[in-house]
Amino acid sequence: MDKDINITLKVWRQKGPKEKGQFETYQLKNINQSVSFLEMLDILNEQLVNEGKEPIVFDHDCREGICGMCSLYVNGHPHGPATGATTCQLYMRRFNDGETITIEPWRSAGFPVIRDLMVDRYAYDKIIQAGGFVSVNTGGVPDANAIPISKADADLAMDAAACIGCGACAAACKNGSAMLFVSAKVSQLALLPQGKVEAARRAKAMVAKMDELGFGNCTNTRACEMECPKNISVSNIARLNREYICAKLKD
Amino acid sequence: MWLLNSSIGKKLIMSISGLFLILFLVFHVSMNVVAVFSGAAYDMVCGFLGSNWYAVAGTLVLAAGFIIHIIYAFILTMENRKARGNDRYAVSARPKGVEWASQNMLVLGIIVILFAILHFSQFWYKMMFAELMGNHEVMLGGAAVSPQSGSAFIDYYFKGNIVITVLYLVWYAALWFHLTHGFWSAIHTLGWNNTVWMSRWECISKIFATVICAVFAIITIIFYLNGVGGGCSATCVH
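Note that the structure is a prediction, hence the values are computed from the model and not measured. (Residues numbered from 1 in each chain as written. Chains lettered and ligands numbered in written order. Predicted model: local features only at pLDDT ≥ 70, side-chain atom pairs only at ≥ 80, totals over all residues. Heavy atoms only, no water.)

(A) Broad picture of the domain arrangement of chain A. All names here are of chain A. The domain boundaries assigned to chain A delineate domain 1 (4-104) and domain 2 (122-250). Domain 1 and domain 2 are separated by 30 Å when their C-alpha centres are compared. Taken residue by residue, the interface counts 13 residues in domain 1 and 11 residues in domain 2. The contact between domain 1 and domain 2 buries some 840 Å² in all, and 53% of this surface belongs to carbon and sulfur atoms. At the junction of domain 1 and domain 2, the tally comes to 0 salt bridges. Counting the contacts that link domain 1 with domain 2 gives 2 residue pairs in polar contact (both at pLDDT 80 or more). Classifying every residue of the side of domain 1 that touches domain 2 gives 6 nonpolar, 7 polar and no charged. (Domains from an automatic or database assignment. Contact = heavy atoms within 4.5 Å. Buried area = accessible area lost by both parts, 1.4 Å probe. Salt bridge = Lys/Arg side-chain N within 4 Å of Asp/Glu carboxyl O. Polar contact = N/O pair within 3.5 Å; in protein donor to acceptor, adjacent residues only side chain to side chain. Nonpolar A, V, L, I, M, F, W, Y, C, P; charged D, E, K, R; others polar.)

Laid out in structure tokens, this is it:
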């Protein structure tokens, strides 16, 4: 049964990208465990506004785990203690009465803090712009089954396409590496015939952009895979290495 | 040059130099097995690997492999720390499924290399290096021996010497952790992996690391107890 709990929150507050941040401690009383984590933050913000204080800034949008906007590093885990779920899918029944919850923003050189818990994840969009697309001639819609694709490839491409680009991979990585994201975005296209035409150019361009933006070098710790809310597999990273090395060797 | 500039290129250098060092370990452990059965045969191997040009050339290639692997370990670690940003997480937990070794490869590597320096000072410096310096005899605990007499070195350092034996066993333990991650990670960086092979490579890594380190450890313990040729008694020619 869900019950009402009292919790202590340690929240990272930072006025701007260049300002020095610090933790602030807040007490919340009688939070029902059926409340979602973000709703709990809404309650806290309402409390802060009523006290005449600045509310905590955090990213959120769809609140159903598909948009990739929410972030938050909760008690040492990106997207909190739940597995295969985003922060917005996290509920207070994961926490106990009297518990102290530490909430931090993604910490990675590639994701500078904008304010409080909100970080700038535009770097991922830049990587996508570098090559995460297919160029197709417009015209009539092709027949659904005109291009045969094996079930195995279709499944792997679909699994890779589940990536919502939230940035938890780089946030979880001790090397600040974005390889899980880039590999998922390369794989979802490289596996399909429509994406094969530009596969070599795509792998080279996206890795070059990733390196340019200051993300780290992958050392295969698999922390990204374990923390990914969409369970993207590191076998995509092996595929990206393969695509990239083959593309460079062909040059 | 993509091999030197790109993140995947740098990782590839790390991977190939690592696999090269793994091959060397296989060679080294096979050489040690010889010494368990026959001191004379082991001295033959040492003679063959003395200051002959091919042995010196091989040593230079091996040294290059070591140096590249170490330099890139530091380059990659420094770049990765920079990529992590200035602020560190106040609370961080190692997620389930992440091996401890995988996050501590640099520390494990430093431990391995420190013991390797001890090992080089005990053997290589007094064997190949002494010979290259033109010495045909080296002093070992008051007795003059040929730098090609590997069996005399083993007996001198290991037989009945518990401190050196334990130090070597600690070395193998660090090496075991380093290899359990390093082996499959190198294969993964080469791109030779998928969802099916992932767990297989991890398993092969563990088996490989265990076999290599266990054989090294067993041989070291035999040397401690019985010295060179201690693996057999009456049937072998010592």
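(B) Structural view of the interface of chain B and chain A. Across the boundary between the two partners, chain B contributes 39 residues, which contact 50 residues of chain A. Buried surface at the junction of chain B and chain A, summed over both partners, amounts to about 3,500 Å²; 57% is from carbon and sulfur atoms. Taken together, the connections running from chain B to chain A amount to 1 salt bridge. Note that Arg222 of chain A is salt-bridged to Glu202 of chain B, the shortest N-O span being 2.9 Å. Applying the counting rule to chain B against chain A returns 23 residue pairs in polar contact (both at pLDDT 80 or more). Put simply, the parts of the chain that give the side of chain B that touches chain A at least two residues each are α2 (7-37), α4 (53-83), α8 (162-189) and α9 (195-226) of chain B. Here the side of chain B that touches chain A is composed, by residue class, of 14 nonpolar, 16 polar and 9 charged. (Helix = DSSP H or I, 4+ residues; strand = E, 2+ residues; numbered from the N terminus.)

(C) Looking closely at the environment of Pro112 of chain A. Tracing the sequence through the fold places Pro112 of chain A in the loop between β5 (100-104) and β6 (113-115). Sequence-distant contacts of Pro112 of chain A, that is, excluding residues within four places in its chain, are made with Val119 and Asp120 of chain A.

(D) Examining the pairing of strand β1 (residues 4-13) of chain A more closely. All names here are of chain A. In terms of residue burial, β1 counts as a mostly covered element, since 7 of its 10 residues are buried. Of the strand pairs in this sheet, β1 and strand β2 (residues 22-32) are connected by 9 bridges, and their pairing is antiparallel. Paired with Ile5 across the two strands is Ile31, which belongs to β2. Taken together, the 4 bridges between β1 and β5 define a ladder with parallel strand orientation. (Buried < 20%, exposed > 50% of the residue type's maximum accessible area, 1.4 Å probe, protein only. Pairing = 2+ DSSP bridges.)

(E) Seen up close, the environment of Glu79 of chain B. Within the secondary structure, Glu79 of chain B sits in helix α4. With 19 residues separating them in the primary sequence, Glu79 of chain B and Val98 of chain B have C-alpha atoms 21 Å apart. If sequence neighbours within four positions are ignored, Glu79 of chain B has contacts with Asn217 of chain A together with Lys10 of chain B. In terms of polar contacts, Glu79 of chain B uses its side chain to reach the side chain of Asn217 of chain A, at 2.9 Å.

(F) Just the layout of surface pockets, in detail. What the second largest pocket holds in volume is close to 340 Å³. What lines the second largest pocket is a set of 18 residues, and nearest its centre among them are Pro17, Pro112 and Val113 of chain A together with Asn86 and Asp87 of chain B. Taken together, the residues of the lining of the second largest pocket sort by class into 7 nonpolar, 5 polar and 6 charged. (1 Å grid on protein atoms, 1.4 Å probe; cavity = no way out; pocket = protein on both sides within 12 Å on 5 of 7 lines; lining within 4 Å. Points joined across faces, edges and corners; volume = space filled by probe spheres on them.)

(G) View of the sheet that holds β1 of chain A. Residues and elements named next belong to chain A. Ordered in space as β2-β1-β5-β3-β4, the 5 strands form an open sheet in which the pairing is mixed. The two strands at the open ends of the sheet, each matched to only one other strand, are β2 and β4 (77-78). Bridge analysis of strand β3 (residues 73-74) against β4 gives 2 bridges, and the strand direction is antiparallel. Within the sheet, the bridge partner assigned to Tyr73 lies in β4 and is Pro78. Together, β1, β2, β3 and β5 form the strand contacts of helix α1 (residues 37-50), whose direction differs from that of β2 by roughly 105°. (Axes fitted to C-alpha atoms, helices over the stretch in contact; angles between N-to-C directions.)

(H) Spotlight on helix α7 (residues 199-212) of chain A. Over its 14 residues, α7 of chain A runs 20 Å from end to end, which matches the ideal 20 Å to within 8%, given 1.5 Å per residue. What α7 of chain A keeps buried is the set Ala199, Arg202, Ala203, Met206, Val207 and Met210 of chain A. Buried residues of α7 of chain A fall within an arc of 115° about the axis and therefore sit on the same side. Packing partners of the buried residues in α7 of chain A comprise α2 (122-131), α5 (179-190), α6 (193-196) and α9 (235-250) of chain A together with α2 of chain B. Taken from the residues just after α7 of chain A, Gly214 of chain A is the one with a positive phi, measuring 90°. (Expected span 1.5 Å × (residues − 1). Arc of directions from axis to C-beta.)

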